[in-house]
Amino acid sequence: MSKGVAVITGAGQGIGKGIAKRLADDGFAIVLGDLNKEVLEQTEAEFNESGYQVASFVGDVTNPDDQKNLVRKAVDTFGSVDVFVNNAGVDHVGPVLSVQPKNLEFLFKVNVFGTVYGIQAAAEQMQKQGGGKIINACSIAGQQSFPMMGLYSATKFAVRGFTQAAAKELAKDNITVNAYCPGIVGTGMWERIDDAMVKFQGGNKGDAFKKAVEGIALGRSETPADIANFVSFLASPDSNYITGQSVSVDGGMVFS
């Protein structure tokens, strides 16, 4: 019997796919959301082969109607939305002085607008059914800003703000709102950071990633499974008394 229904945006690959797989292993019926139809179909096929209850929806998180339709897809297919993970996001690497209007608009539309639209769509359904859990993707860059990451950090600080406000507003509806803050994950983002570091500061490709990992107390970079383990906790009844928190899952980088 399903533990409930979990919806994950940006679930076609990377961290989102890792979260979706863990929640499927936990017993949730899964609705995968992604803008990339090809990777979404591949992931859905993999999940079907693994025997998971799964459905998918191609949509753009920056479109509020797509977010509402994603929720509708989950309800029409499985009957509810018990967990909604606003995982979809994009990055930007470069000095503050090089940030262009198009960069500002794109990053804020995906990371901030997309999260807000996801919160709204999920909460509307969760209010009808008596509660639920909303989980947002923040970052250690939302706890502390870093050189070359100013724009990305600003969007993640905004996610923290919306996480806290939504948690306070939705508590009366038995809806918790929390966020996970990953650190150095060995994904394509760090390849772009390395490229940008070489471009703006010199050095060799790979140096930035190596230096960053050396600063992690636990001595290794992060995997999608590390993040998914924590999201699994936030999606479970064990986290019922936790709301409004943005928690670093970084191996020991940002301490608070």
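Residues numbered from 1 in each chain as written. Predicted model: local features only at pLDDT ≥ 70, side-chain atom pairs only at ≥ 80, totals over all residues. Heavy atoms only, no water.

What follows concerns the pattern of salt bridges. Under the definition given, this model contains five salt bridges. Among the ionic pairs, Lys17 bridges to Glu46, the shortest N-O distance being 2.8 Å. Remark: Glu46 occurs in helix H2 (residues 37-49) and Lys17 occurs in helix H1 (residues 14-25); sequence separation between them is 29 residues. Take Lys17: its relative accessible area is 24%, and that puts it in the partly exposed class. Judged by its relative accessible area of 37%, Glu46 is partly exposed. Between Asp226 and Arg220 there is a salt bridge; the shortest N-O distance is 2.9 Å. We classify Arg220 as partly exposed; its relative accessible area is 45%. (Salt bridge = Lys/Arg side-chain N within 4 Å of Asp/Glu carboxyl O. Helix = DSSP H or I, 4+ residues; strand = E, 2+ residues; numbered from the N terminus. Buried < 20%, exposed > 50% of the residue type's maximum accessible area, 1.4 Å probe, protein only.)

Across its twelve residues, helix H8 (residues 224-235) extends 16 Å between first and last C-alpha, which sits within 8% of the 16 Å expected from 1.5 Å per residue. Buried within H8 we find Ile227, Ala228, Phe230, Val231, Ser232, Leu234 and Ala235. Next to the buried residues of H8 lie H1, strand E4 (83-86), strand E5 (132-137), strand E6 (175-182) and strand E7 (246-249). (Expected span 1.5 Å × (residues − 1). Contact = heavy atoms within 4.5 Å.)

With that settled, consider the environment of Asp250. Here Asp250 shows up in the segment after E7. The spacing of Asp250 and Glu44 is 206 residues in sequence and 29 Å in space, taken between C-alpha atoms. Within the structure, the side chain of Asp250 is placed 2.9 Å from the backbone nitrogen of Gly252, a separation counted as a polar contact. Reaching out from Asp250, the side chain makes a polar contact with the backbone nitrogen of Met253 at a distance of 3.2 Å. (Polar contact = N/O pair within 3.5 Å; in protein donor to acceptor, adjacent residues only side chain to side chain.)

Moving on, we come to the pairing of strand E2 (residues 29-34). Most of E2 sits inside the fold, with six of its six residues counted as buried. The alternating pattern of E2 places Ala29, Val31 and Gly33 and Ile30, Leu32 and Asp34 on opposite faces, both of which are buried. Both strand E1 (residues 5-9) and E2 contribute to a ladder of five bridges, which runs parallel. Residue pairing across strands places Thr9 opposite Gly33, the latter belonging to E2. This β-α-β element, E1 to H1 to E2, shows right-handed connectivity. With five bridges connecting them, E2 and strand E3 (residues 54-58) associate as parallel partners. Its bridge partner lying in E3, Gly33 is registered against Phe57. (Pairing = 2+ DSSP bridges. Right-handed = clockwise from strand over helix to strand, strands pointing away.)

Before going further, it helps to examine the packing of helix H3 (residues 64-78) against helix H4 (residues 101-129). Where H3 contacts H4, the two axes come as close as 9 Å, and the packing angle between them is 40°. For H3 against H4, the interelement crossing comes out right-handed. Here Pro64, Gln67, Lys68, Val71 and Val75 of H3 come into contact with H4, specifically with Gly114, Tyr117, Gly118, Ala121, Ala122 and Gln125. Counted by class, the contact of H3 with H4 contains six nonpolar, four polar and one charged residues. (Axes fitted to C-alpha atoms, helices over the stretch in contact; angles between N-to-C directions. Left-handed = near helix turned anticlockwise from the far one by under 90°. Nonpolar A, V, L, I, M, F, W, Y, C, P; charged D, E, K, R; others polar.)

Our next topic: the UniProt feature "active site" (unreviewed entry) in the protein. When the UniProt feature table is mapped onto this chain, "active site" (unreviewed entry) is found at Tyr152. Counting through the fold element by element, Tyr152 comes out in helix H5 (residues 150-170). For Tyr152, a relative accessible area of 9% puts it in the buried group. (UniProt positions renumbered as here; feature names shortened; annotations may be inferred.)

Buried charge Asp250 goes without a salt bridge, the closest partner of opposite sign being Arg220 at 11 Å. One polar contact links the side chain of Asp250 to the main-chain amide nitrogen of Val254, over a distance of 2.9 Å. Discounting residues that sit within four places of it in the chain, Asp250 has contacts with Ile140, Cys181, Gly183, Ile216 and Glu222. (Lys, Arg positive; Asp, Glu negative; His and termini not counted.)

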